[in-house]
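Working through the structure, step by step
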Amino acid sequence: MILAFKNAYHGDTFGAMSVSGRGIWTEPFSEKLFDVIFIDTPNAENIEAIKSQIKEVATKVACFIYEPLVQGASGMLMHEAEYLDQLMSCCRAYHILMIQDEIFVGFGRTGKLFAANHLTEVPDIMCFSKGLTGGTLPLGVTTCTDRIYQAFYADDLNKTLFHGHSFTASPLACTAALASLDLLLQTSIQQQIANIVHQHQHFVVSIQDHPKVKVIRQCGTILALEWNTNEETSYFSDIHEKLYPYFLEKGILLRPLGNIIYLVPPYCISTDDLNYIYDTIRQALIELF
């Protein structure tokens, strides 16, 4: 069996859908998906209960796959590194392999180079994409510990991990990734990331008590605002039909997740442009609904 978080999203192939939260997107394929044990994201109130749940099923569990700190597609839901660390430590104690999906949160999005830099525990496998090439070309990378590498390293070809794709290790995509990493590691870019985090923090304080703001949360350069409606928060909220064109008409490309609007600004964004986005959100809270 595999452990995964409720509301997870790991992709659209059958294995990835199996370990993602079940819902309207996966329903047409439900008969093809394998069984998964879904657990809550950890916090101060539930961490001990989750540990007990893992203890009960540990002998049946092969691995735990998770989005660290931020569950993007489910609405930028966030959990704290402290409790994820405790959960990872529990998995380690029961010899459960850990697969850390950094595809969305990696490369500076959480304010540090990777979500892993917020943690003391270390996963066995890590997955990367998106920011790897800065979005210029498609590329994904999976890394693993030496222990896992050695399991496939042998003269016996039957032990080889043969799975690959047509454009695996594309020289052009790899070159783009190296260039993107060079840019990311520049002092000026790291300072820009810190500036975005700082600006987000000030904006959160200035708007968190607004009556139309149900919840506002932030992790590094990621900021999400749940618009207060008469209904429960939902990806299918009709409010997005007004939010999207409202911002687009003002030159801002935002993709609401139902009644949730979120910012994941490019690191090259200027202070003036980011302030313009904040001001437009404030204006929208006044003018809409």
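Presented here is a report on the structure given in the accompanying data block.

About the thresholds
- Residues numbered from 1 in each chain as written.
- Predicted model: local features only at pLDDT ≥ 70, side-chain atom pairs only at ≥ 80, totals over all residues.
- Heavy atoms only, no water.
- Axes fitted to C-alpha atoms, helices over the stretch in contact; angles between N-to-C directions.
- Helix = DSSP H or I, 4+ residues; strand = E, 2+ residues; numbered from the N terminus.
- Parallel < 35°, antiparallel > 145°, perpendicular 65-115°, else oblique.
- Left-handed = near helix turned anticlockwise from the far one by under 90°.
- Contact = heavy atoms within 4.5 Å.
- Nonpolar A, V, L, I, M, F, W, Y, C, P; charged D, E, K, R; others polar.
- Phe/Tyr/Trp six-rings, centres within 6.5 Å; stacked < 30°, edge-to-face > 60°.
- Buried < 20%, exposed > 50% of the residue type's maximum accessible area, 1.4 Å probe, protein only.
- Lys NZ or Arg CZ within 6 Å of the ring centre and 35° of its normal.
- Pairing = 2+ DSSP bridges.

**Some remarks on the packing of helix α2 (residues 47–57) against helix α3 (residues 81–93)**
Look at α2 against α3: their axes get within 10 Å of each other, and the N-to-C directions meet at 20 degrees. With respect to α3, the element α2 is oriented roughly parallel. Of the two elements, α2 crosses α3, and the hand of that crossing is right-handed. Contact residues: Ile-47, Glu-48, Ile-50, Lys-51 and Ile-54 in α2; Tyr-83, Gln-86, Leu-87, Cys-90 and Cys-91 in α3. In terms of residue class, the contact of α2 with α3 is built from 7 nonpolar, 1 polar and 2 charged.

**Quick notes on the packing of aromatic side chains**
Enumeration according to the criterion identifies 13 aromatic pairs in this entry. Between Tyr-149 and Tyr-153, the aromatic rings sit 5.6 Å apart at their centres with planes inclined by 25 degrees, giving stacked as the arrangement. Assessed through its relative accessible area of 56%, Tyr-153 is described here as exposed. Centre to centre, the rings of Phe-203 and Tyr-278 are 4.3 Å apart; their planes meet at 10 degrees, and the pair counts as stacked. One end of the pair, Phe-203, is in helix α6 (residues 187–207); the other, Tyr-278, is in helix α8 (residues 271–287), with 75 residues separating them in the sequence. Assigned by exposure class, Phe-203 and Tyr-278 land together as buried. A network of ring pairs unites the aromatic residues Phe-5, Phe-64 and Tyr-66 as a single cluster. One residue, Lys-250, lies across the ring of Tyr-246, its end atom 5.0 Å from the ring centre.

**Quick look at unusual backbone geometry**
Here the phi dihedral of Leu-69 falls at roughly 75 degrees; this positive angle occurs in a residue that is not glycine. One non-glycine residue, Phe-107, lies in the positive phi region at around 65 degrees. Assignment of secondary structure puts Phe-107 in the loop between β6 (97–101) and β7 (125–128).

**A short note on the pairing of β7**
What you see with β7 is no split at all: Ile-125 and Cys-127 on one side and Met-126 and Phe-128 on the other are buried throughout. Of the pairings in the sheet, the one linking β6 to β7 comprises 3 bridges and is parallel in character. Note that in β7 the partner of Asp-101 across the bridge is Cys-127. Here 4 bridges tie β7 to strand β8 (residues 141–144), and the two strands are oriented antiparallel to one another. In the sheet register, Phe-128 faces β8, and the bridge partner there is Val-141.

**Points about the pairing of strand β9 (residues 213–219)**
Bridge count for β9 against strand β10 (residues 222–227) is 6 bridges, and the pairing is antiparallel. Bridged to Cys-219 within β10 is Ile-222. The hairpin formed by β9 and β10 contains 2 residues between the paired strands, and Gly-220 there has a positive phi angle of roughly 60 degrees.

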